[in-house]
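Fold and geometry: a report
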Amino acid sequence: MEFETEPSRLAAACTAARVEGRSVGLILTMGALHEGHLSLVRRARNETDFVATTIFVNPLQFGPKEDLSRYPRRLNEDAALLHQAGADFLLAPEASSMYPAASVTHVTVAQLTENLCGPHRPGHFEGVATVVTKFFGLAGACKAYFGQKDYQQLKVIEALARDLFLPIEVVGVPTVRDADGLALSSRNQYLSHADRAAALSIPHALQAAARAWAHGEHNTSVLERLVRQSLSPTITRVDYVQAVDAQTLAPVDDVQAPVVLAVAAWVGSTRLIDNVQLAAAMASPP
Ligand code: AMP
């Protein structure tokens, strides 16, 4: 696997692959890799010929009080995992090369960022959309793989690729979970033993709502209340429990078209998100 720190090397490697007639798969991460990230790499390995990855803890998507400084960084271990999973290329750039002093362009995606995490993390999606657009610009035509755990992020990225006519096919990949049901996240390592037990109530609560939905409960207020009531009492700060249309992310009252039921909650000082898609819930509850 080739390892580079200069952004232009990503462009050169992807262009060279395409000149040889090879398709390009792209996986963007912030590192501290786990099986969720590696599932994206393996999927790309199966579907494309040249698998390019990035590790970049993007300062633009962290608020001033968020965990940028404590976000786990372990580049060597991550590079070995990417290599084992079949990646051909890794770019791990410095912030100064992604955002040179002259850089003045930000990308904003409207509407899709108005609820769920949007109001709770001002500037977050602009930071995500900006860095993803930069990486898309470098990579050029490719299939880009993103996790459904970050469902709102996935929809924002689909929208920006479509709206800016980028030659990118955005692919959503199902959430990978630990055996107990907790969605894998780089932030899980912040959790103490007791925190982890409380965190587990998040997928369990979503599972309870998915079961209620499968048994015919289609009123989203009822489903949202069921989730809140099923969360551990030690979770005292819940940013939202919300059922939204799976495409527009607008709140819905009744589950008719596919709906995503999403949660963001704080376990101690760690903010966790998770969701369940009610259209697919019967086939694969969390
Ligand atoms: P991050 O490093 O948290 O920015 O995540 C990089 C990519 O991995 C994003 O597309 C995430 O949605 C995806 N991802 C993170 N956790 C999981 C998971 N548990 N299952 C599947 N994909 C994930």
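Attention in this report is confined to the structure presented alongside it. (Residues numbered from 1 in each chain as written. Predicted model: local features only at pLDDT ≥ 70, side-chain atom pairs only at ≥ 80, totals over all residues. Heavy atoms only, no water.)

Within the protein chain one finds 9 helices and 9 strands. Taken over C-alpha atoms, the radius of gyration comes to 19 Å for the protein chain, in line with the 19 Å a tight globule of 286 residues would show. In terms of its C-alpha atoms, the protein chain occupies a principal-axis envelope of roughly 55 × 40 × 35 Å. Burial analysis of the protein chain (286 residues in total) assigns 53% to the buried set. Carbon and sulfur atoms make up 53% of the accessible area of the protein chain, which totals about 12,900 Å². In the protein chain, 24 positive and 29 negative side-chain charges are present, and the distance between their average locations comes to 2 Å. (Helix = DSSP H or I, 4+ residues; strand = E, 2+ residues; numbered from the N terminus. Rg over C-alpha atoms; globule rule 2.2 N^0.38 Å. Buried < 20%, exposed > 50% of the residue type's maximum accessible area, 1.4 Å probe, protein only. Areas by Shrake-Rupley, 256 points an atom, 1.4 Å probe, with all protein chains shown as cover. Lys, Arg positive; Asp, Glu negative; His and termini not counted. Charge placed at Lys NZ, Arg CZ, Asp CG, Glu CD.)

If you add up the space inside the second largest pocket, you get close to 280 Å³. If you trace the second largest pocket, you find 18 residues lining it, with Ile 55, Phe 56, Val 57, Arg 73 and Pro 93 closest to the centre. Looking at the lining of the second largest pocket residue by residue, the class counts come to 12 nonpolar, 2 polar and 4 charged. (1 Å grid on protein atoms, 1.4 Å probe; cavity = no way out; pocket = protein on both sides within 12 Å on 5 of 7 lines; lining within 4 Å. Points joined across faces, edges and corners; volume = space filled by probe spheres on them. Nonpolar A, V, L, I, M, F, W, Y, C, P; charged D, E, K, R; others polar.)

What follows covers the pairing of strand E6 (residues 168-173). Two faces belong to every sheet, and in a regular strand the side chains alternate between them. Across 6 bridges, strand E5 (residues 142-147) lies against E6 in parallel orientation. When the sheet's bridge partners are listed, Lys 143 is paired in E6 with Glu 169. (Pairing = 2+ DSSP bridges.)

We now examine the side chain of Thr 29. Within the fold, Thr 29 resides in strand E2 (residues 24-29). Among the polar contacts made by the side chain of Thr 29, one reaches the main-chain carbonyl oxygen of Thr 54 at a distance of 2.9 Å. Ignoring any residue separated from it by four or fewer positions in sequence, one finds Thr 29 in contact with His 37, Thr 54, Ile 55 and Phe 56. (Polar contact = N/O pair within 3.5 Å; in protein donor to acceptor, adjacent residues only side chain to side chain. Contact = heavy atoms within 4.5 Å.)

What follows deals with the site of the ligand. With respect to spatial proximity, 16 residues lie near the ligand, and among them Met 30, His 37, Asp 150, Val 176 and Leu 184 are the closest. Taking Gly 147, its main chain carries an N or O atom lying 3.0 Å from an oxygen atom of the ligand. Val 176 has a polar backbone atom sitting 2.9 Å from a nitrogen atom of the ligand. Contact with the protein chains removes 93% of the 480 Å² of surface that the ligand exposes when unbound. Contributions of two or more residues to the shell around the ligand are made by E2, helix H2 (35-47) and E5. Residue contributions to the shell around the ligand peak at 3 residues, all from H2. Among the residues making up the shell around the ligand, the classes are represented as 7 nonpolar, 7 polar and 2 charged. (Near = heavy atom within 4 Å.)

Among the residues of helix H9 (residues 220-230), those classed as buried are Thr 220, Leu 223, Glu 224 and Val 227. One side of H9 holds all its buried residues, which, seen down the axis, span an arc of 100°. At its buried positions, H9 is contacted by helix H8 (193-214), strand E7 (237-245) and strand E8 (259-267). Regarding H9, its N-cap is Asn 219, as a side-chain oxygen of that residue lies 2.8 Å from the backbone nitrogen of Ser 221 further along. (Arc of directions from axis to C-beta.)

Moving on to the pattern of salt bridges. What the rule picks out here adds up to 18 salt bridges. In this structure, the salt-bridge partner of Arg 187 is Asp 67, at a minimum N-O distance of 2.8 Å. Of this pair, Arg 187 sits in the loop between E6 and H8 while Asp 67 sits in the loop between strand E3 (50-55) and helix H3 (75-85), and the two are 120 residues apart along the sequence. Judged by relative accessible area, which is 12%, Asp 67 ranks as buried. Members of the salt-bridge network, linked through shared partners, are Glu 2, Glu 4 and Arg 9. (Salt bridge = Lys/Arg side-chain N within 4 Å of Asp/Glu carboxyl O.)

Turning next to the packing of aromatic side chains. Scanning the model with the defined rule gives 5 aromatic pairs in all. Ring centres 6.2 Å apart and planes at 80° place the aromatic pair Phe 56 and Phe 135 in the edge-to-face group. A residue pair is termed long-range when its members are at least 10 positions apart, and Phe 56 in the loop between E3 and H3 and Phe 135 in helix H6 (residues 124-139) qualify at 79 residues. Neither residue differs from the other here; Phe 56 and Phe 135 are each classed as buried. Plain terms: the ring middles of Phe 62 and Tyr 71 are 5.9 Å apart, the flat faces sit at 75° to each other, and that makes the pair edge-to-face. Since its relative accessible area comes to 7%, Tyr 71 is described here as buried. Each member of the aromatic cluster is reached from another via a ring pair, and the members are Phe 56, Tyr 99 and Phe 135. (Phe/Tyr/Trp six-rings, centres within 6.5 Å; stacked < 30°, edge-to-face > 60°.)

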